[in-house]
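So you can see what is in the structure, the chains are spelled out below.
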Amino acid sequence: MLQQNILDQLKQFIETVSSGHTNPQLLTKPSLIKLALGFLDELPATRDIVFDYFGILAEIGVQLYVSPEMIDQKTGMPVSQIKQGAGNRQQQLRAEEYESFNMVKTSLQNLVWKGPPAWSPLIANWSLELVAKLSDKYTQRRMTISASCNYWLECSAMHGLLTLINSCFRKLNNTEAESCVETMLNAFHRYPMTFDWIVARLGGCFPYKIIMQILQCGIKRFVEDYRCHLDSEAGILDYMTSCHEQQLCAAFREMLKDGLSPKKPLDVAIVPFLLITTNYSDAILQSLVNVFIEIFTDDMCDAIVQKAPLWLSNKMFADMQPSLNNAVLRLNQHGAKLLLMVSRMAEKYVWCQDFLDTSMQELEQWVLKMRNFPLLADLAFEETKYMLWKSCLSTNLLEQQTAVRLLLVVSSQHPHIYYQTISQLLRKSYAQNPSTIGALMRLLGGQSGVLNFPSITKGFKMVLEDITLQEQVNNRLPMEPGTPTEAYNTFFNLNMLAKMQKKNHFPHVKPQLLTQSLNECLPKIIQILDCTIQKLVLKMDKDAAERSAEKFKLQQSNNNNNRESMHDMYKTNDVIKRPKLEESEATNTIDSQDAARMRLAHLIVDLLNNIEAGARSNVLRTPLVLKLAVLSVKYFFVGLTEQTVIRRAAAAHRSFALLQRQCTARKLARTVCLRELVESALFYHGHLLGQLEEYELDELKIPEHELLILQNLHTSSGTNSNRSVLHSGIIGRGLRPVLPTNNQSCDAEKQALYLKALNACCTDLDKPNNVEGYSLVSLTLVELVSTDVMYNGLPFPDEDFTRVTMERDMQIRRAFITSPVLWAVLGLIATHRPALCYSSVLLRALCATCLHHWRGKNVNKFQPTAANDELMLCTKKLLQLLAMSQLIPPPLANLHTIIEHFEAPEIAVLLRECIWNYLKDHVPSPALFHVDNNGLHWRNTSLAKVEPQYVDTLRQLMQKKLNKLGAHYHQMFIMSDLHVANSAAPAAATIAEPTTATTAKTSIEVVELD
């Protein structure tokens, strides 16, 4: 039986609560609250009355929270529990009423954790109903879920109720949890506009259940009215995404599975509902796209196409597509991947192409308006960047162009991605799929309409810098033979682009933009060319040294007296005589690194020609001009080492264009190129042009005590002190290696290419008849061939003076023997008058040595002269040079055709009386020539009769041999006299001058003087 005092207390409690509605201070007394809490333990039957009282306390706290008197006048926000001490006196008096529910919350929470399990569902359901009523009653305006949470959680009563519900949920079993979730969802149905924030806040206790129930509720509403607003459902899902994205994705995965394979009537509406829901929240859209990317397959695409008519039939799909046009722009992840997936399907499905076009157009419009959007962050990710680079190489043109457009979009905000993309695409090979280079072409065109879009120059510099490091360090990963390197691919692509721009087949890029950018990168290109050429030159010199050492050893092993065998050995020189099966050997040779470097050098020079590097319009620093000139010459000689005639000709023509452009633009470049060409042919790479090898002293391996100079020192005293120990060789070692007889020509093809290179450097496109370049070659020859700085003037001295310069003259003669290309160079100079005049010292040395040699031919006995004798060939070539350059007039100009019919003493007399004396009296100087109206230098010797002292000796000697030289005598003397007598018309001679000069000028490709 209950005690009487408890009943009295209950009666008093009921009266107080009933009469306390007008006096909140009476209801919020701590004694009354403690009394009510005691009833829960002692009188469980009174729990409904007690919970009603607790609801009143909570409502009093909420009323105080939203009342104007509890608003901070400075901030306009409600004064929370923490800030009570800072309020006014009235606010401090009401603080006890405001905090009264905290005592209830603490007691009920202890009851949940320590009391019987039956309390948890009871308290949970009561709290849910109370929170729903208070939120609906005291919500003054519509707020977002986040704002509602922030607002109501500042209220002590509402915060306490939510804490109490959370504690109850943790003590529930599955059946009780289902009941509470149902209670919460029922409240959500009754108060959808004000209870959504409570569902979102408490949904974390049962995230998957709450999310699935919310989605099901939304689908039902959507089916009933497809134009309904889903703000509450979307708001709850959006709020829960931040902490429970995995559960949301799992729910989406389950629903998409049902939506794409509908079994129930509601399943048809799943996909449209989810798409419509994404318009309310970017977080929901992102989660849905993540799930879609994860589960997408090609079969799913067919399922979507099949189910689309079902979506359209119920008018739910009508307003969906316009709302999805900007959906991709709102994605923080997988946006680019989604667009690429759609682009792959666009060829098959028209709706994919429409969606892709609309999305890309809107994306580009946002870029033009300089607006920021989430997709931009996704495009800037490293993974996305590599994915787009891979798609740029796709054979699917829609996928390729979509990737390029996305890269251009992100490049407007992140220029480094633009430079990296150019660098990556230039390194790729497009040999198997030529159409894929369209991505690179479109990328170089940039984004039209965007201000301050990045320049392509930095992208070129980036890839060229990487290639420079690769070529210098030479630490590339192992590659299969024949696989093109990144350097090769880069320059191949640049060449292709430059050629296309030249032909106006490059509409995406502004005119001359590509050429200007590459010219700005010219230092880097030249640096790569320098590294490549240096390695090729080292390899070429190494091979030449090995061949020379092998020949020397072979020659030392042969019998020194067997000159014929030695001559045969030199005839096997692979530099002079080309193998017959060159092409078959080249195809069977493994593609080595040297071959790859050679191909790279060809591509670089092709690029330099395509961009017109070194032209007058390009401003270059002097060191760069010098370096480019030197590398151009080195490339020419490297090109001569190609295995086939066609490849050598192609490499030579590349160098011709490069040399001619530089030399025409700058005199400094012409000087350097000509000097390098002549110097390399004489001293460094002469073996390519048939130069005979002279062995060094150390190659003979002669001990120091066997040197002749030391032996002469030992015999410098006594009766034989005025004599020297002279030997024809080294005692105990046989004869010295001798040079081969110069009875065979050097490689005519390579020599012709070399002369064309000289001609390319000397030719002035602006002044076709300018001979300044050829004169420079002539002066360079004198400087390099003549070993003396004295007596290098133009005049021929008296014949006796040749004794002073005989040693120098013999060395010059030896240079012509060892380097046959010198004759061809002088022949080229001779056709461009008066350039040969500057080589007068060389002509004088050749003439003097020939004169002395012919004079000494028959000192002891008669020695017949062979037609191919080196002395005879040298004499004929000398006379031919003098005739071609018009330094000797007719009939002396025809002397080279009949010189072989004379004996040695007669030849010596002719050289002294006719040639030497004429040149001594008529100094070979440019003053002998006059310039006609066409700018040609010409000496009209046909109008002036040659003095008798220069031709009488020749006339008399020919008269003695009329049986052999009758026809020549008639042409040289009789016809020439008649011509001089009958040339009374100066105009006729004037007309004939340019024709003859032009004929002589066209003979520039002199291979060998006969």
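Residues numbered from 1 in each chain as written. Predicted model: local features only at pLDDT ≥ 70, side-chain atom pairs only at ≥ 80, totals over all residues. Heavy atoms only, no water.

**Looking at the overall build of the protein**
Just so we agree on the cut-off: Only DSSP runs of H or I with at least four residues qualify as helices, and only runs of E with at least two residues qualify as strands; both kinds are numbered from the N terminus onward. Throughout this description, buried means an accessible area under 20% of the type-specific maximum (1.4 Å probe, protein chains only), exposed means over 50%, and partly exposed covers the range between. Contact definition: two residues touch when any of their heavy atoms are within 4.5 Å. With residues, only the protein chains shown are counted as cover, and all accessible areas are computed by Shrake-Rupley using a 1.4 Å probe.
The secondary structure content of the protein amounts to 48 helices and four strands. Across the 1010 residues of the protein, 51% fall into the buried class. Across the protein, every contact between residues at least 6 apart in sequence was considered, and the portion connecting residues at least 24 apart equals 78%. Split by element, the accessible area of the protein, about 48,700 Å² in all, is 54% carbon and sulfur.

**Some points on the environment of M345**
Position of M345 among the secondary structure elements: in helix α20 (residues 335-345). Taking the relative accessible area as the measure of exposure, M345 reaches 15% and is therefore buried. As for M345 and D298, which are separated by 47 residues in sequence, their C-alpha atoms are 9.4 Å apart. Leaving out residues up to four positions away in the same chain, M345 has contacts with F296, C301 and C352.

**Looking at the packing of helix α7 (residues 101-114) against helix α8 (residues 119-138)**
Our working rule: Every axis in this analysis is a line fitted to C-alpha atoms, fitted for helices over the stretch in contact. Angles between the N-to-C directions lie between 0 and 180 degrees. Left-handed describes a crossing in which the near helix is turned anticlockwise from the far one by less than a right angle; the clockwise case is right-handed. Throughout, the ten residues Ala, Val, Leu, Ile, Met, Phe, Trp, Tyr, Cys and Pro are labelled nonpolar, Asp, Glu, Lys and Arg are labelled charged, and all others, Gly among them, are labelled polar.
The geometry of α7 relative to α8 is characterised by a closest axis approach of 9 Å and an angle of 150° between their N-to-C directions. Both α7 and α8 take part in a crossing whose hand is left-handed. Counting all contacts with α7, which are made through F101, L108, L111 and V112, the residues of α8 involved are W119, S120, I123 and W126. A per-class count over the contact of α7 with α8 returns seven nonpolar, one polar and no charged.

**Some remarks on a nonpolar patch on the surface**
Note the threshold: Patches here: salt-bridge-free residues with over 30% relative accessible area, like charges joined within 9 Å, nonpolar side chains (Val, Leu, Ile, Met, Phe, Trp, Tyr) joined within 5 Å. Any Lys or Arg side-chain nitrogen found within 4 Å of a carboxyl oxygen on Asp or Glu counts as a salt bridge.
Taken together, the side chains of V789, M790, Y791 and V804 present a nonpolar region at the surface, about 420 Å² in accessible area. Structurally, V789 is set in the loop between α40 (772-785) and α41 (806-818).

**Observations concerning the nonpolar core**
This is how it is decided: Residue types Ala, Val, Leu, Ile, Met, Phe, Trp, Tyr and Cys, when buried and joined through side-chain atoms within 4.5 Å, form a set referred to as a nonpolar core.
Within the largest apolar cluster, 294 residues are counted, with the highest numbers of intra-cluster contacts made by F54, F491, Y754 and L954. In terms of residues, this core owes the most to one element, helix α4 (residues 47-66), which gives twelve residues. The residues touching F54, leaving out its near neighbours within four places in the chain, are A36, L37, L40, F101, V104, L108 and W126.

**So, the side chain of S281**
Looking at the secondary structure, you find S281 in the loop between α16 (270-277) and α17 (282-295). Classification of S281 as buried rests on a relative accessible area of 4%. Discounting chain neighbours no more than four positions away, the residues touching S281 are D238 and R330.

**Section: α17**
We count it as follows: Helix span, as expected, comes to 1.5 Å for every residue beyond the first.
For α17, which comprises 14 residues, the first-to-last C-alpha distance of 20 Å matches the rise-based estimate of 20 Å (1.5 Å per residue) to within 8%. Within α17, burial applies to I284, L285, Q286, S287, L288, V289, N290, V291 and I293. Structurally, α17 contributes buried residues whose contacts are with α14 (231-241), α15 (245-260), α16 and α20.

**Details of the confidence of the model for the protein**
The following threshold applies: pLDDT: the predictor's confidence for each residue, scored from 0 to 100.
The pLDDT averaged across the protein works out to 79; a share of 79% of its residues lies at or above 70. Element-level mean pLDDT values for the protein span from 39 in helix α48 (residues 986-1002) up to 94 in helix α34 (residues 622-639). In this model, residues 81-86 is a region of pLDDT below 50 whose contacts with residues beyond four sequence positions or in other chains number eleven contacts. In the model, residues 563-590 has pLDDT below 50 throughout and makes 41 contacts with residues more than four positions away in sequence or in other chains.

**A word on the pattern of salt bridges**
Per the stated rule, a full pass over the model turns up 25 salt bridges. R190 serves as the salt-bridge partner of E129, at 2.8 Å between the closest nitrogen and oxygen. Residue E129 is located in helix α8, and its partner R190 is located in helix α11 (residues 174-190); the two are separated by 61 residues in the primary sequence. For R190, a relative accessible area of 41% puts it in the partly exposed group. A salt bridge links R813 to E870, with the nearest nitrogen and oxygen atoms 2.9 Å apart. Linking R813 in helix α41 with E870 in helix α44 (residues 870-884), this pair joins segments that are 57 residues apart in sequence. Several salt bridges converge on common partners, so that one network encompasses K539, D543, D594 and R597.

**Thoughts on the environment of D357**
Topologically, D357 is positioned in helix α21 (residues 350-368). On the basis of relative accessible area, D357 is assigned to the partly exposed category, the value being 31%. Sequence spacing of D357 and T402 is 45 residues, and the spatial spacing of their C-alpha atoms is 9.4 Å.

**Digging into helix α42 (residues 821-830)**
With ten of ten residues buried, α42 is to be regarded as a mostly interior element. For α42, the set of buried residues is V821, L822, W823, A824, V825, L826, G827, L828, I829 and A830. Check the buried side of α42 and you find it contacts α36 (667-684), α39 (748-762), α40, α41, α43 (840-855) and α44.

**Digging into the packing of aromatic side chains**
The condition that has to hold: Only rings of Phe, Tyr and Trp enter the pairing, Trp through its six-membered ring, and a pair is recorded when the two centres are within 6.5 Å. The plane angle decides the type: under 30 degrees is stacked, over 60 is edge-to-face, the rest tilted.
The tally for this structure, following the rule as stated, stands at 22 aromatic pairs. Ring centres of F51 and F54 lie 6.1 Å apart, and the angle between their planes is 85°; this geometry places the pair in the edge-to-face category. Highlighted residues: F51 and F54, both in helix α4, separated by three residues, approximately one helical turn. We classify F51 as buried; its relative accessible area is 5%.

**Some details on unusual backbone geometry**
The peptide bond linking R833 to P834 adopts the cis configuration, its omega dihedral lying at 0°. Tracing the chain through its elements places P834 in the loop between α42 and α43. Phi angles above zero are rare outside glycine, and H334 is one such case at about 65°. According to the relative accessible area criterion, H334 is partly exposed, its value standing at 29%.

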